[in-house]
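Chain by chain, the residues:
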Amino acid sequence: EQFRIARKIVLTELNKIQLEIEDVLEISFYIFLLNDFETIPRKRYLKRYKRIEIEVVLSYEEFRIANEQKTAIIMKHSIIDSILDYDNKNIERNSIELIKNEFSKYL
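My aim in this report is to walk through the structure given alongside it, one point at a time. (Residues numbered from 1 in each chain as written. Predicted model: local features only at pLDDT ≥ 70, side-chain atom pairs only at ≥ 80, totals over all residues. Heavy atoms only, no water.)

**A look at the overall build of the protein**
Within the protein, the secondary structure is distributed over four helices and three strands. Traced from its N-terminal end to its C-terminal end, the protein shows the element sequence α-β-β-β-α-α-α. The C-alpha radius of gyration of the protein comes to 14 Å, within 12% of the 13 Å expected for a compact globule of 107 residues. Dimensions of the protein, computed from the C-alpha atoms along their principal axes, are close to 40 × 30 × 20 Å. (Helix = DSSP H or I, 4+ residues; strand = E, 2+ residues; numbered from the N terminus. Rg over C-alpha atoms; globule rule 2.2 N^0.38 Å.)

Okay, structure coming up:
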């Protein structure tokens, strides 16, 4: 339940971001809550669909002990940090910088 509430808060805020970029029509985030499990999140660009897909890994323990407001902040910052760390040679540099600038406004 706590995850759904945080997700709704974050989506409401981040859906305000409107990007007019030819290289990117969609940015998808896959959020995983992991407990005692290590993995490397994937970040990829599907050129055919002009979609960026980013996996975001959150600590289950940190998420579990936080209140509703804190869980939304944890989720939002993790998503934005993932975007700020994103790079791809198939997307023009200025397009990536525009995406990063727009998302960084929400930190």
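So, next bit.
**Re the nonpolar core**
Core analysis: the largest hydrophobic core is formed by 25 residues, its most contacted members being L14, V24, I52, M75, I91, I99 and F103. Those elements that place two or more of their residues in this core are α1 (2-14), β3 (51-59), α3 (68-84) and α4 (93-104). Sorting elements by how many residues they give to this core places α3 first, with six residues. Dropping the residues within four chain positions of it, M75 is found in contact with F3, A6, R7, V10, I31, L58 and F63. (Core = buried A, V, L, I, M, F, W, Y, C linked by side-chain atoms within 4.5 Å. Buried < 20%, exposed > 50% of the residue type's maximum accessible area, 1.4 Å probe, protein only. Contact = heavy atoms within 4.5 Å.)

**Quick look at the sheet that holds β3**
One open sheet accounts for three strands, arranged β1-β3-β2; its pairing is mixed. Only two strands of the sheet have a single neighbouring strand rather than two, namely β1 (26-34) and β2 (43-46). Pairs of neighbouring strands in the sheet enclose a mean axial angle of 20°, with direction left out of account. Where α3 meets the sheet, its contacts fall on β1, β2 and β3, and the angle it forms with β3 comes to roughly 135°. (Pairing = 2+ DSSP bridges. Axes fitted to C-alpha atoms, helices over the stretch in contact; angles between N-to-C directions.)

**Describing a nonpolar patch on the surface**
Taken together, the side chains of Y30, F32 and V57 present a nonpolar region at the surface, about 240 Å² in accessible area. Mapped onto the elements, Y30 comes out in strand β1. (Patch = residues over 30% accessible without salt bridge, like charges linked within 9 Å, V, L, I, M, F, W, Y side chains within 5 Å. Areas by Shrake-Rupley, 256 points an atom, 1.4 Å probe, with all protein chains shown as cover. Salt bridge = Lys/Arg side-chain N within 4 Å of Asp/Glu carboxyl O.)

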